[in-house]
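# Summary of structural features
Read off the chains here:
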Amino acid sequence: MSSGAADFEALLREALSPVEPPADMAQRLELTLVNLTELAQEELDAWELKAMRDPRNWVRPAAAAVVGVSAGTALVLLRVRARHRVRKQRSQNALDLAQRTLHDVGEEARRILPRRR
Amino acid sequence: MVDGELPKSKAEVDARFTELYRTHLRDVYSYSYYRVGNHHDAEDLTEQTFLQAYRHFERALREANGRPLRPWLIRIAHNLAANFYRDRSRKPESGIEDAGMISAPHTTESLVEGREQLKAILDGVQQLPDDRREALIMRFALGMDNREIARALGRTDGATKVLLHRAIRQLEGMVSEPVAVESGGSDE
(Lines give C-alpha, C1' and ligand atoms only; values in the text may rest on other atoms or scores of the structure.)
Protein backbone atom coordinates (compact mmCIF):
# COMPACT_ATOMS: atom_id res chain seq x y z
CA MET A 1 0.00 0.00 0.00
CA SER A 2 1.40 3.44 -0.92
CA SER A 3 1.90 6.03 1.80
CA GLY A 4 -0.79 8.20 0.17
CA ALA A 5 -3.29 5.39 0.37
CA ALA A 6 -2.27 4.68 3.96
CA ASP A 7 -2.68 8.36 4.84
CA PHE A 8 -6.13 8.44 3.30
CA GLU A 9 -7.17 5.32 5.17
CA ALA A 10 -5.94 6.90 8.40
CA LEU A 11 -8.10 9.95 7.67
CA LEU A 12 -11.02 7.70 6.89
CA ARG A 13 -10.53 5.87 10.18
CA GLU A 14 -10.51 9.20 11.99
CA ALA A 15 -13.59 10.52 10.18
CA LEU A 16 -15.54 7.34 10.88
CA SER A 17 -14.59 7.08 14.53
CA PRO A 18 -16.88 4.86 16.64
CA VAL A 19 -19.85 6.68 18.17
CA GLU A 20 -20.73 6.07 21.80
CA PRO A 21 -24.41 5.42 22.43
CA PRO A 22 -26.09 7.78 24.91
CA ALA A 23 -25.94 6.40 28.46
CA ASP A 24 -29.68 6.62 29.01
CA MET A 25 -30.27 4.64 25.82
CA ALA A 26 -28.11 1.79 27.05
CA GLN A 27 -30.04 1.70 30.32
CA ARG A 28 -33.42 1.88 28.61
CA LEU A 29 -32.55 -0.90 26.20
CA GLU A 30 -31.19 -3.07 28.98
CA LEU A 31 -34.42 -2.63 30.91
CA THR A 32 -36.47 -3.56 27.85
CA LEU A 33 -34.39 -6.68 27.39
CA VAL A 34 -34.79 -7.61 31.04
CA ASN A 35 -38.55 -7.27 30.72
CA LEU A 36 -38.48 -9.41 27.61
CA THR A 37 -36.58 -12.17 29.34
CA GLU A 38 -39.11 -12.05 32.17
CA LEU A 39 -41.95 -12.36 29.70
CA ALA A 40 -40.23 -15.27 28.03
CA GLN A 41 -40.23 -17.29 31.22
CA GLU A 42 -42.64 -19.93 30.08
CA GLU A 43 -41.88 -22.11 33.03
CA LEU A 44 -44.00 -19.82 35.15
CA ASP A 45 -47.05 -21.07 33.30
CA ALA A 46 -46.81 -24.27 35.30
CA TRP A 47 -47.48 -22.48 38.56
CA GLU A 48 -51.27 -22.42 38.40
CA LEU A 49 -51.36 -18.72 38.06
CA LYS A 50 -55.02 -18.41 37.20
CA ALA A 51 -56.14 -18.44 40.80
CA MET A 52 -53.94 -15.60 41.89
CA ARG A 53 -53.13 -13.88 38.59
CA ASP A 54 -49.71 -13.70 37.06
CA PRO A 55 -47.09 -12.70 39.66
CA ARG A 56 -45.03 -11.19 36.86
CA ASN A 57 -47.69 -8.49 36.76
CA TRP A 58 -47.12 -7.91 40.44
CA VAL A 59 -43.42 -7.43 40.08
CA ARG A 60 -43.45 -4.54 37.65
CA PRO A 61 -45.88 -2.26 39.52
CA ALA A 62 -44.18 -3.18 42.77
CA ALA A 63 -40.76 -2.46 41.33
CA ALA A 64 -42.01 0.79 39.86
CA ALA A 65 -43.53 1.80 43.17
CA VAL A 66 -40.43 0.96 45.12
CA VAL A 67 -37.73 2.30 42.88
CA GLY A 68 -39.62 4.66 40.60
CA VAL A 69 -38.45 5.29 37.08
CA SER A 70 -34.89 5.91 38.17
CA ALA A 71 -31.48 5.18 36.82
CA GLY A 72 -31.24 2.22 39.17
CA THR A 73 -34.30 0.39 37.90
CA ALA A 74 -32.47 -1.68 35.33
CA LEU A 75 -29.85 -2.74 37.81
CA VAL A 76 -32.45 -3.69 40.41
CA LEU A 77 -34.38 -5.78 37.92
CA LEU A 78 -31.23 -7.41 36.60
CA ARG A 79 -30.23 -8.48 40.09
CA VAL A 80 -33.72 -9.64 40.99
CA ARG A 81 -33.90 -11.55 37.72
CA ALA A 82 -30.56 -13.19 38.41
CA ARG A 83 -31.96 -14.85 41.53
CA HIS A 84 -35.20 -16.03 39.94
CA ARG A 85 -34.23 -19.71 39.87
CA VAL A 86 -33.16 -19.76 43.49
CA ARG A 87 -36.45 -18.19 44.56
CA LYS A 88 -38.39 -20.66 42.47
CA GLN A 89 -36.60 -23.63 44.02
CA ARG A 90 -37.26 -22.38 47.53
CA SER A 91 -40.90 -21.41 46.99
CA GLN A 92 -43.72 -23.60 48.21
CA ASN A 93 -46.21 -22.28 45.67
CA ALA A 94 -46.93 -19.39 43.34
CA LEU A 95 -48.00 -17.05 46.13
CA ASP A 96 -44.81 -17.78 48.02
CA LEU A 97 -42.78 -17.13 44.85
CA ALA A 98 -44.54 -13.81 44.31
CA GLN A 99 -43.89 -12.77 47.91
CA ARG A 100 -40.22 -13.72 47.70
CA THR A 101 -39.90 -11.80 44.41
CA LEU A 102 -41.49 -8.69 45.90
CA HIS A 103 -39.23 -8.99 48.92
CA ASP A 104 -36.15 -9.25 46.69
CA VAL A 105 -37.20 -6.21 44.67
CA GLY A 106 -37.50 -4.19 47.86
CA GLU A 107 -34.19 -5.45 49.21
CA GLU A 108 -32.31 -4.75 45.99
CA ALA A 109 -33.84 -1.30 45.68
CA ARG A 110 -32.82 -0.46 49.25
CA ARG A 111 -29.34 -1.85 48.70
CA ILE A 112 -28.60 -0.27 45.33
CA LEU A 113 -30.48 2.99 45.06
CA PRO A 114 -29.13 4.90 48.06
CA ARG A 115 -25.59 4.24 46.81
CA ARG A 116 -26.46 5.69 43.43
CA ARG A 117 -27.99 8.93 44.66
CA MET B 1 -19.29 -22.01 29.77
CA VAL B 2 -16.72 -22.15 26.96
CA ASP B 3 -17.15 -19.76 24.02
CA GLY B 4 -18.75 -21.59 21.13
CA GLU B 5 -20.41 -24.10 23.40
CA LEU B 6 -24.19 -23.94 23.15
CA PRO B 7 -26.04 -22.75 26.27
CA LYS B 8 -27.93 -25.46 28.11
CA SER B 9 -30.59 -23.39 29.82
CA LYS B 10 -32.63 -20.24 29.34
CA ALA B 11 -30.51 -18.51 31.97
CA GLU B 12 -27.36 -19.31 29.99
CA VAL B 13 -28.96 -18.04 26.79
CA ASP B 14 -29.84 -14.79 28.56
CA ALA B 15 -26.35 -14.48 29.97
CA ARG B 16 -24.83 -15.00 26.52
CA PHE B 17 -27.17 -12.44 25.03
CA THR B 18 -26.30 -9.93 27.74
CA GLU B 19 -22.64 -10.47 26.93
CA LEU B 20 -23.29 -9.99 23.21
CA TYR B 21 -25.29 -6.85 23.88
CA ARG B 22 -22.68 -5.29 26.14
CA THR B 23 -19.83 -6.16 23.79
CA HIS B 24 -21.45 -4.88 20.62
CA LEU B 25 -23.78 -2.08 21.64
CA ARG B 26 -21.27 0.50 20.46
CA ASP B 27 -20.75 -1.33 17.15
CA VAL B 28 -24.45 -1.47 16.39
CA TYR B 29 -24.95 2.12 17.47
CA SER B 30 -22.01 3.36 15.39
CA TYR B 31 -23.20 1.47 12.35
CA SER B 32 -26.75 2.79 12.81
CA TYR B 33 -25.53 6.31 13.32
CA TYR B 34 -23.45 6.38 10.16
CA ARG B 35 -26.30 4.79 8.22
CA VAL B 36 -29.07 7.17 9.27
CA GLY B 37 -27.05 10.29 10.08
CA ASN B 38 -28.65 11.34 13.36
CA HIS B 39 -28.76 10.15 16.95
CA HIS B 40 -32.52 9.90 17.28
CA ASP B 41 -33.00 7.42 14.45
CA ALA B 42 -29.76 5.65 15.36
CA GLU B 43 -31.20 4.92 18.81
CA ASP B 44 -34.38 3.55 17.23
CA LEU B 45 -32.45 1.37 14.86
CA THR B 46 -30.14 0.07 17.59
CA GLU B 47 -33.06 -0.86 19.84
CA GLN B 48 -34.87 -2.64 17.03
CA THR B 49 -31.70 -4.50 16.10
CA PHE B 50 -31.20 -5.92 19.58
CA LEU B 51 -34.87 -6.77 20.04
CA GLN B 52 -34.85 -8.69 16.78
CA ALA B 53 -31.53 -10.30 17.66
CA TYR B 54 -32.96 -11.47 20.97
CA ARG B 55 -35.87 -13.18 19.21
CA HIS B 56 -33.55 -15.21 17.00
CA PHE B 57 -30.57 -15.53 19.30
CA GLU B 58 -30.75 -19.24 20.06
CA ARG B 59 -30.96 -20.17 16.41
CA ALA B 60 -28.11 -17.81 15.59
CA LEU B 61 -25.95 -19.45 18.25
CA ARG B 62 -26.63 -22.89 16.78
CA GLU B 63 -25.95 -21.79 13.22
CA ALA B 64 -22.87 -19.69 14.02
CA ASN B 65 -21.05 -22.84 15.03
CA GLY B 66 -18.72 -20.88 17.29
CA ARG B 67 -18.05 -18.05 14.85
CA PRO B 68 -18.39 -14.44 16.06
CA LEU B 69 -21.92 -13.07 15.99
CA ARG B 70 -21.05 -9.48 15.14
CA PRO B 71 -21.61 -9.91 11.38
CA TRP B 72 -25.03 -11.40 12.13
CA LEU B 73 -25.92 -8.44 14.35
CA ILE B 74 -24.76 -5.92 11.77
CA ARG B 75 -26.69 -7.75 9.08
CA ILE B 76 -29.85 -7.34 11.16
CA ALA B 77 -29.13 -3.62 11.50
CA HIS B 78 -28.44 -3.46 7.77
CA ASN B 79 -31.80 -5.07 6.91
CA LEU B 80 -33.67 -2.92 9.39
CA ALA B 81 -32.04 0.22 8.01
CA ALA B 82 -33.18 -0.76 4.52
CA ASN B 83 -36.74 -1.24 5.81
CA PHE B 84 -36.47 1.99 7.74
CA TYR B 85 -35.93 3.96 4.54
CA ARG B 86 -38.50 2.00 2.59
CA ASP B 87 -41.23 2.29 5.23
CA ARG B 88 -40.72 5.96 5.85
CA SER B 89 -39.87 6.87 2.27
CA ARG B 90 -36.72 8.49 3.55
CA LYS B 91 -33.22 8.77 2.26
CA PRO B 92 -30.11 8.87 4.42
CA GLU B 93 -29.44 12.38 5.60
CA SER B 94 -26.86 14.13 3.48
CA GLY B 95 -24.67 15.11 6.41
CA ILE B 96 -23.78 13.53 9.72
CA GLU B 97 -25.23 15.72 12.44
CA ASP B 98 -22.26 15.68 14.79
CA ALA B 99 -19.80 12.85 14.58
CA GLY B 100 -17.21 12.68 17.32
CA MET B 101 -14.55 14.51 15.42
CA ILE B 102 -16.82 17.43 14.61
CA SER B 103 -17.50 18.11 18.26
CA ALA B 104 -13.87 17.60 19.28
CA PRO B 105 -12.18 20.71 20.68
CA HIS B 106 -9.60 22.42 18.50
CA THR B 107 -7.26 25.33 18.95
CA THR B 108 -5.19 25.85 15.84
CA GLU B 109 -5.87 26.60 12.19
CA SER B 110 -4.32 23.35 11.09
CA LEU B 111 -6.74 21.47 13.27
CA VAL B 112 -9.62 23.39 11.76
CA GLU B 113 -8.37 22.48 8.30
CA GLY B 114 -8.08 18.88 9.40
CA ARG B 115 -11.64 18.94 10.64
CA GLU B 116 -12.83 20.31 7.32
CA GLN B 117 -11.04 17.50 5.55
CA LEU B 118 -12.68 14.95 7.82
CA LYS B 119 -16.06 16.55 7.23
CA ALA B 120 -15.47 16.34 3.48
CA ILE B 121 -14.72 12.65 3.88
CA LEU B 122 -17.90 12.11 5.90
CA ASP B 123 -19.95 13.96 3.30
CA GLY B 124 -18.33 11.83 0.61
CA VAL B 125 -19.16 8.62 2.48
CA GLN B 126 -22.81 9.63 2.56
CA GLN B 127 -22.80 10.08 -1.21
CA LEU B 128 -21.31 6.69 -2.04
CA PRO B 129 -23.48 3.87 -3.39
CA ASP B 130 -25.08 1.94 -0.52
CA ASP B 131 -22.88 -1.15 -0.68
CA ARG B 132 -19.64 0.83 -0.79
CA ARG B 133 -20.74 3.11 2.03
CA GLU B 134 -21.69 0.15 4.22
CA ALA B 135 -18.42 -1.63 3.59
CA LEU B 136 -16.48 1.47 4.62
CA ILE B 137 -18.54 1.95 7.78
CA MET B 138 -17.96 -1.68 8.76
CA ARG B 139 -14.23 -1.49 8.08
CA PHE B 140 -13.38 1.89 9.55
CA ALA B 141 -16.04 2.64 12.17
CA LEU B 142 -16.39 -0.92 13.46
CA GLY B 143 -12.96 -2.31 12.61
CA MET B 144 -14.38 -5.42 10.95
CA ASP B 145 -12.07 -7.53 8.79
CA ASN B 146 -12.85 -8.66 5.25
CA ARG B 147 -14.31 -11.96 6.37
CA GLU B 148 -16.67 -10.35 8.87
CA ILE B 149 -17.79 -7.75 6.33
CA ALA B 150 -18.34 -10.49 3.76
CA ARG B 151 -20.60 -12.37 6.18
CA ALA B 152 -22.53 -9.24 7.09
CA LEU B 153 -23.09 -8.33 3.44
CA GLY B 154 -23.64 -11.89 2.21
CA ARG B 155 -20.72 -11.76 -0.22
CA THR B 156 -17.53 -13.69 -0.81
CA ASP B 157 -14.28 -12.57 0.79
CA GLY B 158 -12.85 -11.75 -2.64
CA ALA B 159 -15.84 -9.67 -3.69
CA THR B 160 -15.66 -7.81 -0.40
CA LYS B 161 -11.99 -7.01 -0.86
CA VAL B 162 -12.73 -5.56 -4.31
CA LEU B 163 -15.73 -3.65 -2.96
CA LEU B 164 -13.62 -2.03 -0.23
CA HIS B 165 -10.83 -1.15 -2.62
CA ARG B 166 -13.22 0.51 -5.05
CA ALA B 167 -15.03 2.34 -2.25
CA ILE B 168 -11.79 3.82 -0.92
CA ARG B 169 -10.58 4.83 -4.38
CA GLN B 170 -13.91 6.42 -5.27
CA LEU B 171 -14.05 8.33 -2.01
CA GLU B 172 -10.47 9.49 -2.37
CA GLY B 173 -11.32 10.82 -5.81
CA MET B 174 -14.40 12.60 -4.50
CA VAL B 175 -12.54 14.25 -1.65
CA SER B 176 -9.55 15.37 -3.68
CA GLU B 177 -11.71 16.62 -6.54
CA PRO B 178 -15.37 17.00 -5.56
CA VAL B 179 -17.60 15.97 -8.47
CA ALA B 180 -21.03 14.45 -8.91
CA VAL B 181 -20.99 10.75 -8.06
CA GLU B 182 -23.35 9.29 -10.61
CA SER B 183 -20.35 7.75 -12.40
CA GLY B 184 -19.38 5.43 -9.52
CA GLY B 185 -21.73 2.50 -9.85
CA SER B 186 -22.77 0.02 -7.24
CA ASP B 187 -20.94 -3.27 -6.84
CA GLU B 188 -24.12 -5.33 -6.40
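Residues numbered from 1 in each chain as written. Chains lettered and ligands numbered in written order. Predicted model: local features only at pLDDT ≥ 70, side-chain atom pairs only at ≥ 80, totals over all residues.

### Regarding the overall build of chain A
From N to C terminus, chain A includes six helices and zero strands. If you list the helices and strands of chain A from N to C, you get α-α-α-α-α-α. With 117 residues in all, chain A has 24% of them scored as buried. The contacts of chain A with a sequence gap of at least 6 include a subset with a gap of at least 24, amounting to 73%. (Helix = DSSP H or I, 4+ residues; strand = E, 2+ residues; numbered from the N terminus. Buried ≥ 20, exposed ≤ 12 C-beta atoms within 10 Å, placed from the backbone. Contact = placed C-beta atoms within 7 Å.)

### Thoughts on the environment of B:Tyr21
Among the structural elements, B:Tyr21 can be located in helix α1 (residues 10-36). In sequence terms B:Tyr21 and B:Leu73 are 52 residues apart; their C-alpha atoms lie 9.7 Å from each other. Among all residues touching B:Tyr21, those that are not within four sequence positions of it are A:Leu33 and B:Phe50.

### Some words on the packing of helix α7 (residues 130-141) of chain B against helix α9 (residues 157-176) of chain B
Two numbers describe a pair of packed helices, the interaxial angle and the distance between the axes. Residues and elements named next belong to chain B. Closest axis-to-axis distance for the α7/α9 pair is 9 Å, and the angle between their directions is 95°. Compared by their axis directions, α7 and α9 come out roughly perpendicular. Residues Asp-131, Arg-132, Ala-135, Leu-136 and Arg-139 of α7 form the contact with α9, whose own contacting residues are Thr-160, Leu-163, Leu-164, Arg-166, Ala-167 and Gln-170. (Axes fitted to C-alpha atoms, helices over the stretch in contact; angles between N-to-C directions. Parallel < 35°, antiparallel > 145°, perpendicular 65-115°, else oblique.)

### Notes on the interface of chain A and chain B
On the chain B side, the residues contacting the 20 residues of chain A number 28 residues. For the side of chain A that touches chain B, the elements supplying multiple residues, two or more each, are α1 (3-15) and α2 (23-39) of chain A. If one sorts the elements of the side of chain A that touches chain B by residue count, α1(A) sits on top with seven residues. Its residues assigned to classes, the side of chain A that touches chain B comprises 13 nonpolar, two polar and five charged. (Nonpolar A, V, L, I, M, F, W, Y, C, P; charged D, E, K, R; others polar.)

### Structural notes on the nonpolar core
Core analysis: the largest hydrophobic core is formed by 51 residues, its most contacted members being A:Leu16, B:Tyr31, B:Ala77, B:Ile121, B:Leu136, B:Ile137 and B:Met138. For this core, the leading source of residues is α1(B), giving nine residues. In this structure, this core is formed jointly by two domains, domain 1 (7-93) and domain 2 (104-188) of chain B, each of which donates at least three residues. Look past the residues within four positions of B:Leu136 in its chain and what remains in contact with it is A:Leu12, A:Leu16, B:Val125 and B:Ala167. (Core = buried A, V, L, I, M, F, W, Y, C linked by C-beta atoms within 7 Å. Domains from an automatic or database assignment.)

### As for the confidence of the model for chain B
Of all residues in chain B, 77% attain a pLDDT of 70 or more, and the chain-wide mean is 82. Every residue in residues 99-108 of chain B is under pLDDT 50, and counting partners more than four places away or in other chains gives 16 contacts. (pLDDT = per-residue confidence, 0-100.)

### Things to note about the packing of α7(B) against helix α8 (residues 146-153) of chain B
Residues and elements named next belong to chain B. Interhelical geometry of α7 versus α8 gives an angle of 135° and a closest axis separation of 10 Å. When the axes of α7 and α8 are compared, the pair comes out oblique. Of the two elements, α7 crosses α8, and the hand of that crossing is right-handed. Together, Asp-131, Glu-134, Ala-135, Met-138 and Arg-139 of α7 and Ile-149, Ala-152 and Leu-153 of α8 make up the contact between the two elements. Class assignment for the residues of the contact of α7 with α8 results in five nonpolar, no polar and three charged. (Left-handed = near helix turned anticlockwise from the far one by under 90°.)

### Some details on unusual backbone geometry
One non-glycine residue, B:Asn65, adopts positive backbone phi at about 55°. Looking at where B:Asn65 falls in the secondary structure, it is placed in the loop between α3 (57-64) and α4 (70-88).

### Overview of α8(B)
Residues and elements named next belong to chain B. Taking burial as the measure, the eight residues of α8 include six buried ones, the bulk of the element. All buried positions along α8 are accounted for by Glu-148, Ile-149, Ala-150, Arg-151, Ala-152 and Leu-153. Just downstream of α8 lies Gly-154, where phi reads positive at about 70°.

### Some thoughts on the confidence of the model for chain A
Residue and element names in this part refer to chain A. Summing up the model confidence of chain A, the mean pLDDT is 63 and the portion of residues at 70 or higher is 30%. Mean pLDDT across the elements of chain A bottoms out in helix α3 (residues 56-67) (44) and peaks in α1 (85). In the model, residues 42-52 has pLDDT below 50 throughout and makes ten contacts with residues more than four positions away in sequence or in other chains. Scored below 50 in pLDDT, residues 57-73 shows 26 contacts in the model against residues more than four places distant or in partner chains.

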